[in-house]
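Below, each chain spelled out in residue letters.
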Amino acid sequence: MEKYQREIILINQFHIKRNQFFDKSREVYFLDPVVLFSKIDWRLFEEDARVTNTVYGELFEAVVINHKKLICYWPLFNFQDDSWFELLNHCKDAKIRTRIMYSDYSSNGEQDLAISIQETWKNFVVFLMESLCDDIKMDEVLEEIAILKCGDESILLFKLEQNGIRKYSYVQSSENGFDFENGEVELKEIGINSAPVFSSFDQLLEKLMREIDVNSYQTSFLDRTLEMQYFNTILKNCASKNLIESWVKFYSLN
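We now turn to the structure provided with this report. (Residues numbered from 1 in each chain as written. Predicted model: local features only at pLDDT ≥ 70, side-chain atom pairs only at ≥ 80, totals over all residues. Heavy atoms only, no water.)

**Here we look at helix H3 (residues 82-93)**
In this model H3 runs 17 Å from its N-terminal to its C-terminal C-alpha over 12 residues, within 8% of the 16 Å that 1.5 Å per residue would give. Taken as a whole, H3 has its buried residues at Ser-83, Trp-84, Leu-87, His-90 and Cys-91. Around the axis of H3, the buried residues are gathered within 130° of arc, so they sit on the same side. Turned more than 90 degrees off the buried face of H3, the exposed positions are Asp-82 and Lys-92. Immediately downstream of H3, the backbone of Lys-95 shows phi near 60°, a positive value. (Helix = DSSP H or I, 4+ residues; strand = E, 2+ residues; numbered from the N terminus. Expected span 1.5 Å × (residues − 1). Buried < 20%, exposed > 50% of the residue type's maximum accessible area, 1.4 Å probe, protein only. Arc of directions from axis to C-beta.)

**Considerations on the pattern of salt bridges**
Under the defined criterion, the tally for this structure stands at 10 salt bridges. Here Arg-99 makes a salt bridge to Glu-7, at a shortest N to O gap of 2.5 Å. With a gap of 92 residues between them, Arg-99 in strand S4 (residues 97-101) and Glu-7 in strand S1 (residues 7-11) connect regions that are remote in the sequence. Classification of Arg-99 by relative accessible area gives partly exposed; the value is 29%. Between Asp-81 and Lys-122 there is a salt bridge, with the nearest N and O atoms lying 2.5 Å from each other. Taken together, the residues Asp-81 in the loop between strand S3 (69-73) and H3 and Lys-122 in helix H4 (residues 115-139) connect sequence positions 41 residues apart. For the pair Asp-81 and Lys-122, a shared accessibility class is recorded, and that class is buried. One connected set of salt bridges, linked through shared partners, spans Glu-7, Arg-97 and Arg-99. (Salt bridge = Lys/Arg side-chain N within 4 Å of Asp/Glu carboxyl O.)

Here it is, written out as structure tokens:
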């Protein structure tokens, strides 16, 4: 279970007063059109891939990896339009809590922002949130295969579905390591989006054997169907007395 539910708070301040959203227990990420425009021309998001890559990369790291609360400007003008309902549907599908905190329209300076710019911003936000929610939903179909441990080092093997095609990957940790808790691992907290992806389990194992001494690692499999394949593949490439003893000790496929 996640420590925090993901949350987006929509406000009508395009010069966001950040101190009013201070949260001692949780960091906050601001999606502010004025501040963002000082870094990159977000109006060109449909024409320039650099815009979406830059902004989305930062947004994903903040919300998904670092679990920050998202504070986002959303114009009050034409509030409940198609973009609004599309945004709500994306957030609902990805289980992102949505809240609205609007100040007095006449005092926040919003009317100084051209209507066309406001519409462009809404389209940009919907585009970002659609991508974010799709990635969140994709993360939810990841399945753990096994955990390999050697001292403080842990390696998590997992599989995922991409466009109906099964792929495989792994991530390493030298800090707290990984543990199965009720048969699950918190995949979203371990940087899986930067992990290498392989089209077969054997390809993953070949890469792994080039990176580590598999003989030194103890294994704990959640996916029993791949346990025999793991040991057979490794034995063919680096058979040793230690690995055979490990197989006898930890192999549990009936």
